[in-house]
Protein chains: 2
Amino acid sequence: MHDYSVVIVDDHLLFAQALENLVNTFDNFKVLYQVNNGRELLTHLEKDEIAPDIALMDINMPVLNGIETMHMLNKDHPDIKVLALSMDDDEGTIIKMLRAGAKGYLLKDIHPQTFHGALNDVIHKGFYYSEKITSTVLSSLHKAEAPEVILKDREIEFLKLACTEKTYKEIAGDMFLSPKTIDGYRESLFEKLQVKSRVGLVLYAIKHDLYKI
Amino acid sequence: MHDYSVVIVDDHLLFAQALENLVNTFDNFKVLYQVNNGRELLTHLEKDEIAPDIALMDINMPVLNGIETMHMLNKDHPDIKVLALSMDDDEGTIIKMLRAGAKGYLLKDIHPQTFHGALNDVIHKGFYYSEKITSTVLSSLHKAEAPEVILKDREIEFLKLACTEKTYKEIAGDMFLSPKTIDGYRESLFEKLQVKSRVGLVLYAIKHDLYKI
DNA sequence: TTCAAAAAGGGGGATTTTCCCCACTTTACC
DNA sequence: GGTAAAGTGGGGAAAATCCCCCTTTTTGAA
């Protein structure tokens with residue numbers, strides 16, 4: 001029985017180093033090296049003959065993030081099993097990462113014992129899905145594939161202004177429209193975005209990054 | 001020369017375990033135990049005779065967070081040197097934590113070598129401030145001391161509900177208050193937070209992490 | 001201990017904003 | 001040339017905002 005090789009892709013140096021120590025205490029795994037982001041990983045893989053068995057990869061990284069990196073790996077190194085590792089339990093992120101081909105998704109608050117189990121699973125079964133991730137994925141299947149909301153430019157403009165303390169009357173002024181027209185935008189957005197009030201608009205805009213706080 | 005004792009207070013089990021391994025590789029430090037949040041730490045300290053030299057403490061924790069925990073430690077265990085450890089480089093958080101008595105503030109992307117240095121500094125010099133933290137603190141001195149907004153529990157409760165699509169009438173129901181009382185909260189918050197509308201409340205709450213999207 | 005101030009809960013009522021339904025024009029496009 | 005949108009608005013109801021008022025409880029300092 002030989003050791004399986006692991007690389008760590010994470011910009012949190014302290015965490016990465018600590019994680020390396022932890023992985024090295026597992027008797028059948030060995031960390032080859034750490035890199036700080038996806039770009040560095042790809043560079044490494046180009047130069048090295050030996051590819052790792054497993055990549056432990058953070059999702060939020062500078063330069064080249066987890067999801068982008070996954071897509072690159074699929075092309076050039078499909079044999080590397082990627083385990084995503086993140087603070088982020090956002091459903092969308094999880095789904096994207098798994099769809100991109102990650103063999104599992106670990107939240108950083110996972111128990112070390114479970115973590116070892118996850119590594120073993122990925123090697124022997126090819127994947128590891130925690131209970132939480134499984135239920136997230138399953139529940140996402142039930143939701144009718146949200147018909148993608150397409151917003152017109154003018155609607156987006158209005159939506160952004162709705163995220164300020166301006167009154168609709170002022171917004172109308174800013175957009176050179178009658179308050180009643182603005183009222184029309186408001187209403188059609190309520191329908192499109194499935195919200196019931198201006199607060200709903202604000203929350204939607206922030207959640208979808210249309211408005212930065 | 002004896003080993004200095006360290007406890008780790010972090011709800012990210014994987015990180016905590018990994019960190020423990022890392023600290024144990026430093027020849028003059030030894031991890032006593034880990035706990036998941038401030039409450040557990042306090043419980044531990046009550047029962048144990050031996051107090052640790054250093055507490056490595058995350059800030060965002062469930063149950064009892066870093067800042068609250070600091071305040072408790074000041075009362076009962078002023079000798080424990082606390083090193084805050086966080087992803088969060090938000091200026092307000094840093095200042096609050098240092099003002100609460102933390103001996104240093106580390107971002108989780110710190111280099112392991114530097115980390116060892118920080119531990120040593122805290123033991124021998126009594127504090128460790130990274131360059132980034134120093135400059136943050138210094139630059140904050142220039143800003144006119146924003147008179148700190150103190151929100152009462154009930155106000156915070158209302159503020160969170162104001163970030164939903166509920167009407168004030170519904171919020172009143174949820175809080176078992178008359179709509180008129182809710183109106184009072186709204187008005188006093190407008191004044192306190194210097195906003196002019198419910199949108200302003202929502203933006204304030206989100207910006208100050210009182211409401212998570 | 002006492003007295004005043006602040007906090008917490010609530011009210012009346014006027015004004016504005018927001019919300020919902022409906023209707024009219026103008027493009028745009030098949 | 002018809003039809004479907006986008007763009008524009010009106011009327012009226014409901015909600016939110018605002019300003020003034022009140023009582024009871026808690027707190028803080030003299």
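All of these numbers come straight from a predicted model, not from anything done at the bench.

Colleague: Looking at this model, I keep getting lost on the overall build of chain A. Mind explaining?
Modeller: Helix and strand counts for chain A come out as 10 helices and five strands. In terms of overall dimensions, chain A has C-alpha extents of about 75 × 35 × 30 Å along its principal axes. In chain A, which comprises 213 residues, the share counted as buried stands at 48%. Partitioning the intrachain contacts of chain A with sequence separation of at least 6 by distance along the chain shows that 65% fall at a separation of at least 24. A total accessible area of about 11100 Å² is found for chain A, and carbon and sulfur atoms account for 52% of it.

Colleague: Any chance you could explain the sheet that holds strand β4 (residues 81-86) of chain A here in plain terms?
Modeller: Within a sheet, neighbouring strands are paired by backbone hydrogen bonds and run either parallel or antiparallel to one another. Residue and element names in this part refer to chain A. Pairing within the open sheet is parallel, and its five strands lie in the order β2-β1-β3-β4-β5. Two strands in the sheet have a free side with no partner beyond their single neighbour: β2 (29-35) and β5 (104-107). Shown here is a sheet whose adjacent strand axes are inclined to one another by a mean of 25°, direction ignored. Strand direction decides the pairing type here: β4 and β5, joined by four bridges, are parallel. In the sheet register, alanine 84 faces β5, and the bridge partner there is tyrosine 105. Along the sheet, helix α3 (residues 66-76) contacts β3 (54-58) and β4; its crossing angle with β3, the most-contacted strand, is approximately 155°.

Colleague: Hey, could you run me through the UniProt feature "domain: Response regulatory" (unreviewed entry) in chain A in this one?
Modeller: UniProt marks residues 5-123 of chain A with the feature "domain: Response regulatory" (unreviewed entry), using the numbering shown here. Annotated as 46% helix and 23% strand, the span residues 5-123 of chain A places its first and last C-alpha atoms 10 Å apart.

Colleague: Sorry if this is basic, but what is going on with the interface of chain A and chain B here?
Modeller: How big an interface is tends to be stated in terms of accessible area lost as the parts join. Contacts between the two partners involve 35 residues from chain A and, on the opposite side, 35 residues from chain B. There are zero salt bridges connecting chain A and chain B. Among the elements of the structure, α1 (13-25), α5 (112-124) and α10 (198-207) of chain A are those that each provide at least two residues to the side of chain A that touches chain B. With nine residues, the top contributor of residues to the side of chain A that touches chain B is α1(A). A per-class count over the side of chain A that touches chain B returns 20 nonpolar, eight polar and seven charged.

Colleague: I keep staring at the pattern of salt bridges and nothing clicks. Help me out?
Modeller: Oppositely charged side chains may form a pair once their charged atoms are brought near each other. Residues and elements named next belong to chain A. Per the stated rule, a full pass over the model turns up 12 salt bridges over all chains. Of the charged contacts in the structure, one is a salt bridge between lysine 192 and glutamate 155, with a shortest N-O distance of 2.9 Å. In this pair, lysine 192 is assigned in helix α9 (residues 179-193) and glutamate 155 in helix α7 (residues 153-162), connecting sequence segments 37 residues apart. Through salt bridges with shared partners, a single network forms among Asp10, Asp58 and Lys108.

Colleague: Looking at this model, I keep getting lost on the pairing of β5(A). Mind explaining?
Modeller: Two faces, one strand: in a regular strand the side chains alternate between the faces of the sheet. Of the two faces of β5(A), the one lined by Gly104(A) and Leu106(A) and the one lined by Tyr105(A) and Leu107(A) are each fully buried. Once the chain exits β4(A) it traverses helix α4 (residues 91-99) of chain A before rejoining the sheet at β5(A), and the crossover so formed is right-handed.

Colleague: Could you clarify how one ought to interpret helix α2 (residues 38-47) of chain B in this entry?
Modeller: Each full turn of the α-helix corresponds to 3.6 residues, which orients residues three or four apart in the same direction. Residues and elements named next belong to chain B. Among all positions in α2, only Gly38, Leu41, Leu42 and Leu45 are buried. Seen along its axis, α2 keeps its buried residues to an arc of 95°; they face one direction. The elements touched by buried residues of α2 are β1 (4-9), β2 (29-35) and α3 (66-76). A side-chain oxygen of the first residue of α2 lies 3.0 Å from the backbone nitrogen of arginine 39; this N-cap is asparagine 37.

Colleague: Is there a simple way to think about the environment of Pro52(B) in this case?
Modeller: All names here are of chain B. Topologically, proline 52 is positioned in the loop between α2 and β3 (54-58). Separated by 28 residues in the primary sequence, proline 52 and isoleucine 80 place their C-alpha atoms 6.4 Å from one another. Those residues in contact with proline 52, other than ones at most four positions away along the chain, are Ser5, Val6, Val7, Leu32, Leu45 and Ile80.

Colleague: Help me out: how do you make sense of the pairing of β4(A) in this one?
Modeller: Residues and elements named next belong to chain A. With five of its six residues buried, β4 lies for the most part within the structure. Here five bridges tie β3 to β4, and the two strands are oriented parallel to one another. Looking across to β4, one finds that aspartate 58 is bridged to leucine 85. Note on the crossover from β3 through α3 to β4: the handedness is right-handed.

Reading the values: rules and limits
- Residues numbered from 1 in each chain as written.
- Chains lettered and ligands numbered in written order.
- Predicted model: local features only at pLDDT ≥ 70, side-chain atom pairs only at ≥ 80, totals over all residues.
- Heavy atoms only, no water.
- Helix = DSSP H or I, 4+ residues; strand = E, 2+ residues; numbered from the N terminus.
- Buried < 20%, exposed > 50% of the residue type's maximum accessible area, 1.4 Å probe, protein only.
- Contact = heavy atoms within 4.5 Å.
- Areas by Shrake-Rupley, 256 points an atom, 1.4 Å probe, with all protein chains shown as cover.
- Pairing = 2+ DSSP bridges.
- Axes fitted to C-alpha atoms, helices over the stretch in contact; angles between N-to-C directions.
- UniProt positions renumbered as here; feature names shortened; annotations may be inferred.
- Salt bridge = Lys/Arg side-chain N within 4 Å of Asp/Glu carboxyl O.
- Nonpolar A, V, L, I, M, F, W, Y, C, P; charged D, E, K, R; others polar.
- Right-handed = clockwise from strand over helix to strand, strands pointing away.
- Arc of directions from axis to C-beta.
- Polar contact = N/O pair within 3.5 Å; in protein donor to acceptor, adjacent residues only side chain to side chain.

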